[in-house]
Amino acid sequence: NSTSVTFADGLHVGAQVKFTTSVINSASYGNAFQISYTPPFTDSVATSVGAKLAQYVSVKDFGAVGDGVTDDTAAINRALYQLYCVQSNSQIRRSLFFPAGTYLITNTIKVPPYCLLYGEGPDSSIINFAPATWTSTVSYAADILVKSGSNYYRSLGTVPAGTLLSNTTYWTLSALPDYIVQTANNAQQTGANIPLATPPQSIEIQNIKFQTTEIMDGFLVEDAANCAFVGVNIQGPLTTADLDTSVDDVAAVRWASTASLICNHITFENCVLSGFTFGTATEQQLQSITFSNCKFDTLYQGAYLGGASPVLGGATGVR
């Protein structure tokens, strides 16, 4: 009951399909339906289409939607964890693609070492931190941040429509996260837990916009080394009318170092930092930080380095 058919796609790629009649009829293909792929190059090696597709990873493979409405926080963090935190070889650099779309998030994205994230351009691939204004007329998934007045609440599970914020079975009062995105170790731990595993290093992010509707920092580069950000836009909600004072004290790029893990060799190339109090601000010790061909726009101050209490000498070698 087994038949093989060879066909071409009309250009140059040959493929072979092998199927079992009974399996096809039952509409349960399993491992019986296999397609081989032969690259159109001299001395190339055939592989399966499944293996070929596995070389390309999209955030949508992990459940992200990118419609600007569905909360994609869990899907994005799950993709980062599966690709970069559970590999037996931590230096397997699987690029994670963000197809054009707006990826709504309501919690911080934690970027582990050795990862490369890329999109289709900062005006096309957008990660948008934007908690919805709470209403009782709709249901909510678990771990969703909403706001009501000046307060934020996070769902503890799936919330049925009609459930009030005062119902502590479903809702808990929550603080606004500090950052849209931050670097993490290879267990997606941050802060004092970073030294417990491989610290942030060799991270690349390309052609993506991070934006927020809330008064919060954009990107925290924490205990990181040898990272590059190219064509990345970090956009906050502040306008020219807000920026005659530093009272909001939020930065597009914030930094954190320790004596043993100093942020060093970090490059921002062709990036745009806008809508925050500061483009970049820190009192932390830094080494060899470069902003090249970047645009600092709609800010109270572009770069604020050192501050009132510089840590271990503060920022050095910043260009």
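Quick summary incoming for the structure in this document. (Residues numbered from 1 in each chain as written. Predicted model: local features only at pLDDT ≥ 70, side-chain atom pairs only at ≥ 80, totals over all residues. Heavy atoms only, no water.)

A few points about the nonpolar core
By size, the foremost hydrophobic cluster in this structure holds 53 residues, and its most contacted members are Leu96, Leu117 and Trp255. By residue number, the principal contributor to this core is helix α3 (residues 73-84), which donates six residues. Setting aside residues no more than four positions away along its own chain, Trp255 makes contact with Leu220, Val221, Cys263, Ile266, Phe268, Thr280, Ala281, Thr282, Gln284, Leu286, Ile289 and Phe291. (Core = buried A, V, L, I, M, F, W, Y, C linked by side-chain atoms within 4.5 Å. Buried < 20%, exposed > 50% of the residue type's maximum accessible area, 1.4 Å probe, protein only. Helix = DSSP H or I, 4+ residues; strand = E, 2+ residues; numbered from the N terminus. Contact = heavy atoms within 4.5 Å.)

Observations regarding the packing of aromatic side chains
The geometry of two aromatic rings is summed up by the distance between their centres and the angle between their planes. Within this structure, the stated rule accounts for 10 aromatic pairs. A ring pair is formed by Trp255 and Phe268, whose centres lie 6.2 Å apart and whose planes are at 75°; its orientation type is edge-to-face. Pair noted here: Trp255 is in strand β22 (residues 251-256) and Phe268 is in strand β23 (residues 263-269), with a separation of 13 residues, a long-range link. (Phe/Tyr/Trp six-rings, centres within 6.5 Å; stacked < 30°, edge-to-face > 60°.)

Things to note about the sheet that holds strand β13 (residues 145-148)
What the four strands build is an open sheet, ordered β12-β13-β14-β15; its pairing is mixed. In this open sheet, the two strands that pair with only one neighbour each are β12 (132-133) and β15 (171-174). In the sheet, β13 pairs with strand β14 (residues 151-155) via four bridges, with the strands oriented antiparallel. When the sheet's bridge partners are listed, Ser148 is paired in β14 with Asn151. (Pairing = 2+ DSSP bridges.)

Points about the state of the cysteines
Among covalent bonds in proteins, the disulfide is the one between the sulfur atoms of two cysteines. Scanning the model with the defined rule gives zero disulfides in all. A disulfide-free cysteine, Cys263 has its sulfur positioned 8.2 Å from the sulfur of Cys227, the nearest such atom. Judged by its relative accessible area of 0%, Cys263 is buried. Among the cysteines around Cys294, which has no disulfide bond, Cys271 carries the closest sulfur, lying 4.6 Å off. (Disulfide = S-S within 2.5 Å.)

Describing the side chain of Lys209
Here Lys209 lies in strand β18 (residues 209-212). Looking at Lys209, the relative accessible area reads 10%, which means it is buried. Excluding anything up to four places from it in sequence, Lys209 contacts Pro122, Asp123, Ser125, Ile126, Ile127, Asn233 and Gln235.

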